Amino acid sequence: MKKWSATGNPTGRIAYVNGRYLPHAQAGVHIEDRALQLGDGIYEVTNVIDGQPIDEEPHLDRMERSLRELGMDMPMGRAALKLVMREMIARNRIANGLLYLQVTRGAARRDHVPPKNPPRPTLILTMRAQDMAALAVRMEKGIAVSTQPDVRWGRCDIKTVQLLPNLLAKQAAKQAGAFEAWLVDDDGYVTEGGSTNAWIVDGEGHVITRDLSSAILPGVTRKIMLDAMAAAQVKVVERKFTVTEALGAREAFISSATGAAVPVVTIDGKPIGDGRPGPVTRRIRDLYAEKAGIK
Ligand code: PDD
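Let me sum up the structure you'll find in this document. (Residues numbered from 1 in each chain as written. Predicted model: local features only at pLDDT ≥ 70, side-chain atom pairs only at ≥ 80, totals over all residues. Heavy atoms only, no water.)

## A short note on the overall build of the chain
- Within the chain, the secondary structure is distributed over 8 helices and 15 strands.
- For 295 residues, the compact-globule formula gives about 19 Å, and the C-alpha radius of gyration of the chain, at 19 Å, lands near that figure.
- Counted over contacts in the chain with a minimum sequence separation of 6, partners at least 24 positions apart contribute 71%.
- When the accessible surface of the chain is summed, it comes to about 14,500 Å², and 53% of that surface belongs to carbon and sulfur atoms.
- Measuring between centres, the 40 positive side-chain charges of the chain sit 5 Å from its 34 negative side-chain charges. (Helix = DSSP H or I, 4+ residues; strand = E, 2+ residues; numbered from the N terminus. Rg over C-alpha atoms; globule rule 2.2 N^0.38 Å. Contact = heavy atoms within 4.5 Å. Areas by Shrake-Rupley, 256 points an atom, 1.4 Å probe, with all protein chains shown as cover. Lys, Arg positive; Asp, Glu negative; His and termini not counted. Charge placed at Lys NZ, Arg CZ, Asp CG, Glu CD.)

Laid out in structure tokens, this is it:
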């Protein structure tokens, strides 16, 4: 018998904080945790399907890289961390959900300069069920995006918890009736979504997504999709594209651990292609699912 259910643990959600599994409502960190004081921390989100973390290794690779960029090590060995992830899935009894991992530099007297003797890093894991019905509707009907200026910093390749520009852009997008914000740089090029990578399909069926740089997050879903497309000989170009080009595209979509290849059907209220999810997006979703081992 499986240890999880569709709705999760009937006695409530469980969080993990520095070695302890606690009821979600009682879990907390110190008020001088550097993530709280200074945004000095990084995170990862992995999808969990049928009780299994999806794209686990590349997520942990990126976590390690983000930490390295902050001059930090992984808070525990990878095998141990994978056990904590599995324990979280089991204790929360969530079959289909999202596992959130956060590492901060720990609690120390507030000072911008990281302490010479680093405190014990804070490791937090939380989990929640994914609304599969809502996701299915987004896949089926597609989503609206709203363009917003990209006012973020110069190291968007680090998955830091400092998300104010992202959340303000997503809030503005929501107010405009859209599900996601597409962030646009000073030259009119789309960088990425507020919490997703951005893709278009041109008139010849070529798939286009922005090339990796410090301007975007190296999405794990993006990477697995690119690998899957290369294997299937789908023509892909990694380059930047403007909002004008996106408006003239045949299809558009977003990618993230929270929903692979979700079709974009309007940008700022204007339809993309025939205004409905298209076949290339669907194919990429299927290729991704196969590559990621999702049935
Ligand atoms: N967001 N770009 C940004 C800015 C993101 O925050 C994310 C992920 C992505 C997609 O990356 P991936 O394919 O590895 O999920 C791109 C997560 C889901 C979040 O913040 O909740």
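## Quick notes on the site of the ligand
- For the ligand, the set of nearby residues contains 20 residues, the closest of which are Tyr43, Glu192, Val220, Thr221 and Ala257.
- Here Thr221 contributes a side-chain N or O atom positioned 2.6 Å from an oxygen atom of the ligand.
- Those elements that provide at least two residues to the shell around the ligand are β3 (41-49), α2 (56-69), β9 (190-193) and α6 (220-231). (Near = heavy atom within 4 Å. Polar contact = N/O pair within 3.5 Å; in protein donor to acceptor, adjacent residues only side chain to side chain.)

## Observations regarding the pattern of salt bridges
- For the coordinates displayed, the defined rule picks out 20 salt bridges.
- Residue Asp61 is joined to Arg78 by a salt bridge in which the shortest nitrogen-to-oxygen separation is 2.8 Å. Note that Asp61 is positioned in helix α2 and Arg78 in helix α3 (residues 78-92), a separation of 17 residues in sequence.
- On the basis of relative accessible area, Arg78 is assigned to the partly exposed category, the value being 21%. (Salt bridge = Lys/Arg side-chain N within 4 Å of Asp/Glu carboxyl O. Buried < 20%, exposed > 50% of the residue type's maximum accessible area, 1.4 Å probe, protein only.)

## Observations concerning α3
- End to end, α3 covers 21 Å across 15 residues, agreeing with the expected 21 Å (1.5 Å per residue, within 8%).
- At the C-terminal side of α3, Arg93 shows a positive phi close to 50 degrees. (Expected span 1.5 Å × (residues − 1).)

## Quick word on the environment of Gln130
- Position of Gln130 relative to the elements: it lies in the loop between β6 (122-129) and α4 (132-141).
- Sequence separation of Gln130 and Ala80 is 50 residues, and the distance between their C-alpha atoms is 25 Å.
- Sequence-distant contacts of Gln130, defined by excluding residues within four places in its chain, comprise Asn47, Asn96, Gly97, Leu98, Leu135 and Thr258.

## Examining the sheet that holds strand β4 (residues 52-53)
- The antiparallel open sheet is built from 6 strands, whose spatial order is β2-β1-β6-β5-β3-β4. With one partner strand each, in any of the chains shown, β2 (20-23) and β4 form the two edges of the open sheet.
- In the packing of α3 onto the sheet, contacts are made with β1 (14-17), β2, β3, β4, β5 (97-104) and β6, and the angle to β6 comes to roughly 35 degrees. (Pairing = 2+ DSSP bridges. Axes fitted to C-alpha atoms, helices over the stretch in contact; angles between N-to-C directions.)

## Quick word on helix α5 (residues 164-175)
- Compared with an ideal rise of 1.5 Å per residue, which puts 12 residues at 16 Å, α5 spans 16 Å between its outermost C-alpha atoms and is within 8% of the ideal.
- When we look at burial in α5, the residues that qualify are Asn166, Ala169 and Ala173. Down the axis of α5, the sector holding all buried residues measures 70 degrees, keeping them to one side. Exposed residues lying more than 90 degrees from the buried face of α5 are Leu164, Lys174 and Gln175.
- On its buried face, α5 is in contact with β7 (143-149) and β8 (180-184).
- Count one or two residues on from α5 and you reach Gly177, which has phi positive near 85 degrees. (Arc of directions from axis to C-beta.)

## A look at unusual backbone geometry
- With a phi close to 45 degrees, Asn18 is a non-glycine residue in the positive phi region.
- With respect to the element layout, Asn18 can be found in the loop between β1 and β2.
- Assessed through its relative accessible area of 22%, Asn18 is described here as partly exposed.
- The phi dihedral of Arg93 is positive, around 50 degrees, even though this residue is not glycine.
- By the secondary structure assignment, Arg93 is in the loop between α3 and β5.

## Concerning the pairing of β1
- The alternating pattern of β1 places Ile14 and Tyr16 on one face and Ala15 and Val17 on the opposite face, and all of these are buried.
- Where β1 lies against β2, 4 bridges are found, and the strand directions are antiparallel. Bridging from a neighbouring strand, Ile14 pairs with Pro23 of β2.
- Bridge count between β1 and β6: 2 bridges; the pairing is antiparallel. Its bridge partner lying in β6, Val17 is registered against Ile124.

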